[in-house]
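Spelled out from the first residue to the last, the chains are:
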Amino acid sequence: MKLYRFLSAPDDASFCHKVTAALNNGWHLFGSPTYAYDKKAKTMRCGQAVVKDIDGQEYGPDTKLSDW
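All residue numbers refer to position in the chain's written sequence, counted from 1. Two thresholds apply to this predicted model, a pLDDT of at least 70 for residue-level local features and 80 or more for giving and counting side-chain atom pairs, whereas whole-chain, interface and lining totals are computed over all residues. Think of the side-chain values as coming from all heavy atoms in the structure, minus any hydrogens and water.

This part is about the overall build of the protein. Helix and strand definitions here come from DSSP, where helices need a minimum of 4 consecutive H or I residues and strands a minimum of 2 consecutive E residues; each element is numbered from the N-terminal end. When helices and strands are counted, the protein shows one helix and three strands. Scanning the protein from its N terminus toward the C terminus, one meets helices and strands in the order β-α-β-β. For the C-alpha atoms alone, the extent of the protein along its principal axes is close to 45 × 25 × 20 Å. Accessibility here uses a 1.4 Å probe with only protein chains present; expressed as a share of the type maximum, an area under 20% marks a residue as buried, one over 50% as exposed, and anything in between as partly exposed. Expressed as a percentage of the 68 residues in the protein, the buried residues total 24%. Any two residues whose heavy atoms approach within 4.5 Å at even a single point are treated as in contact. Long-range pairs, those at least 24 residues apart, make up 59% of the contacts in the protein with a sequence separation of at least 6. Every accessible area reported is derived by Shrake-Rupley at a probe size of 1.4 Å, with residue values counting cover from the shown protein chains alone. For the protein, the accessible area works out to roughly 5000 Å², and carbon and sulfur atoms hold 54% of it. Charge counting follows a simple rule: Lys and Arg are positive, Asp and Glu are negative, and His as well as the terminal groups are ignored. Note on charges: their place is set at NZ of Lys, CZ of Arg, CG of Asp or CD of Glu. Distance between charge centroids for the protein: 10 Å, based on 9 positive and 8 negative side chains.

Following this line, the structure appears as structure tokens:
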């Protein structure tokens, strides 16, 4: 199965740590990062899609992406 996650965080070190942790857990970058202004919080936010292939597993609506 192929898993997809979209990681987002404020424009600070927490975003880089989140993406780095995903890469070190076998996830791969998918597409370009995004950068947008959060009007409610009045801050910039970063986002990055990541994907991961898992052999021998079936995807279902109860699949917990955080388990992988």
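Here the narrative resumes, following the displayed structure.
With that settled, the discussion passes to unusual backbone geometry. For Lys42, which is not glycine, the phi torsion reads 55 degrees and is therefore positive. By secondary structure assignment, the location of Lys42 is in the loop between strand S2 (28-38) and strand S3 (43-53). Residue classification places Lys42 among the exposed residues on the basis of a relative accessible area of 63%.

So, on to a nonpolar patch on the surface. Candidate patch residues must exceed 30% relative accessible area and have no salt bridge, after which like charges are joined if within 9 Å and Val, Leu, Ile, Met, Phe, Trp or Tyr side chains if within 5 Å. By definition here, a salt bridge exists when the distance from a side-chain nitrogen of Lys or Arg to a carboxyl oxygen of Asp or Glu is within 4 Å. A contiguous nonpolar patch, built from Tyr4, Phe6 and Phe30 and spanning about 350 Å² of accessible area, is present on the exposed surface. Residue placement: Tyr4 occurs in strand S1 (residues 2-10). A relative accessible area of 47% means that Tyr4 is categorised as partly exposed.

Here we come to the sheet that holds S2. As a general point, the strands of a sheet are linked pairwise by backbone hydrogen bonds and lie either parallel or antiparallel. Any two strands between which DSSP finds at least two bridges are classified as paired. Read from one edge to the other, the open sheet built from three strands follows the order S1-S3-S2, with strand pairing classed as antiparallel. Where the open sheet ends on each side, the last strands, each with one partner, are S1 and S2. The mean angle between the axes of side-by-side strands here comes to 20 degrees, regardless of whether they run parallel or antiparallel. Across nine bridges, the pairing between S1 and S3 is antiparallel. Note that in S3 the partner of Pro10 across the bridge is Arg45. The axes used here are C-alpha line fits, helices contributing only the stretch in contact, and every angle between their N-to-C directions lies in the interval 0 to 180 degrees. Together, S1, S2 and S3 form the strand contacts of helix H1 (residues 13-24), whose direction differs from that of S1 by roughly 160 degrees.

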